[in-house]
Amino acid sequence: MVVVSYSGKEINAKLVYYGAGLSGKTTNLEAIYEAVPDSSRGKMVSMKTQSDRTLFFDLLPLDLGEIMGFRTRFLLYTVPGQVFYNATRKLVLQGADGVVFVADSQARRFDDNLESLQNLQDNLLTQGVDIRQLPVVLQYNKQDLPRDLILTHEEMDDALNFRAVQSYAGDALHGTGVFETLRGISEQVLKRLAAGAVAG
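Residues numbered from 1 in each chain as written. Predicted model: local features only at pLDDT ≥ 70, side-chain atom pairs only at ≥ 80, totals over all residues. Heavy atoms only, no water.

### A few points about the environment of T72
(1) Moving on: Mapped onto the elements, T72 comes out in strand β6 (residues 70-78).
(2) Moving on: What makes T72 buried here is its relative accessible area of 4%.
(3) Moving on: Separated by 29 residues in sequence, T72 and K43 place their C-alpha atoms 17 Å apart. (Helix = DSSP H or I, 4+ residues; strand = E, 2+ residues; numbered from the N terminus. Buried < 20%, exposed > 50% of the residue type's maximum accessible area, 1.4 Å probe, protein only.)

### Topic: the side chain of S105
(1) Moving on: Along the chain, S105 falls in the loop between β7 (98-104) and α3 (110-126).
(2) Moving on: Of the polar contacts made by the side chain of S105, one reaches the side chain of Q143; its length is 2.7 Å.
(3) Moving on: Discounting chain neighbours no more than four positions away, the residues touching S105 are Y140, N141, K142, Q143, L149, I150, L151 and M156. (Polar contact = N/O pair within 3.5 Å; in protein donor to acceptor, adjacent residues only side chain to side chain. Contact = heavy atoms within 4.5 Å.)

### Observations concerning the packing of α3 against helix α4 (residues 153-160)
(1) Moving on: Look at α3 against α4: their axes get within 11 Å of each other, and the N-to-C directions meet at 45 degrees. With respect to their mutual orientation, α3 and α4 come out oblique. The handedness of the crossing between α3 and α4 comes out as right-handed. Contacts from F110, N113, L114 and L117 of α3 reach α4 at M156, A159 and L160. (Axes fitted to C-alpha atoms, helices over the stretch in contact; angles between N-to-C directions. Parallel < 35°, antiparallel > 145°, perpendicular 65-115°, else oblique. Left-handed = near helix turned anticlockwise from the far one by under 90°.)

### Comments concerning helix α2 (residues 86-93)
(1) Moving on: Among all positions of α2, only N86, R89, V92 and L93 are buried. When α2 is viewed along its axis, its buried side chains cluster within an angular range of 120 degrees and face the same direction. Within α2, the exposed residues directed more than 90 degrees away from the buried face are A87 and L91.
(2) Moving on: With its phi angle positive at about 80 degrees, G95 sits one or two positions after the end of α2. (Arc of directions from axis to C-beta.)

### Description of unusual backbone geometry
(1) Moving on: If you check the backbone angles, K142 has positive phi at about 70 degrees while not being a glycine.
(2) Moving on: Its place among the elements puts K142 in the loop between β8 (136-141) and α4.
(3) Moving on: Look at A164: it is not a glycine, yet its phi comes out positive at around 55 degrees.
(4) Moving on: Structurally, A164 can be placed in the loop between α4 and β9 (167-169).

Have a look at this one:
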């Protein structure tokens, strides 16, 4: 849910990185955090469980522009990948303005990706949000692995991209596709906010 600070002339929007365990959500956020200057980001907060963690930090993008004179700050979150942390997933997802679904490109993780994508849709529905009405992008992570272990970008699109949303090839460990994905979801959220501001 967008939060507007009139006194600070700032709009805060929440972006959630969602996906199966070990798909690369945390690696994406860590790569963004490390690459952005201290002056443009807040402190990273990590909530650890026995086998997973949820990360959070805020980011003031340098070149995405303003909406009606307000600068935009994005709050970036990851959800735990394991299904048994579903209550935490729901909590983190609440009020999201946009979602990056990070899929693991390894063929052996295909079912995990499908299960997590269905879980995303189910959790949004329990909050009264239709996934078709929310800015969403897909990132197919681990595209750097040997071809015989992964599905290509096109194969991943055929299998997961039911809505034909923007999708990106990624290698979050080395930073490939990380900022393209962030820019893609950020632009969609800003476009939606601008349309709402004009309509309002």
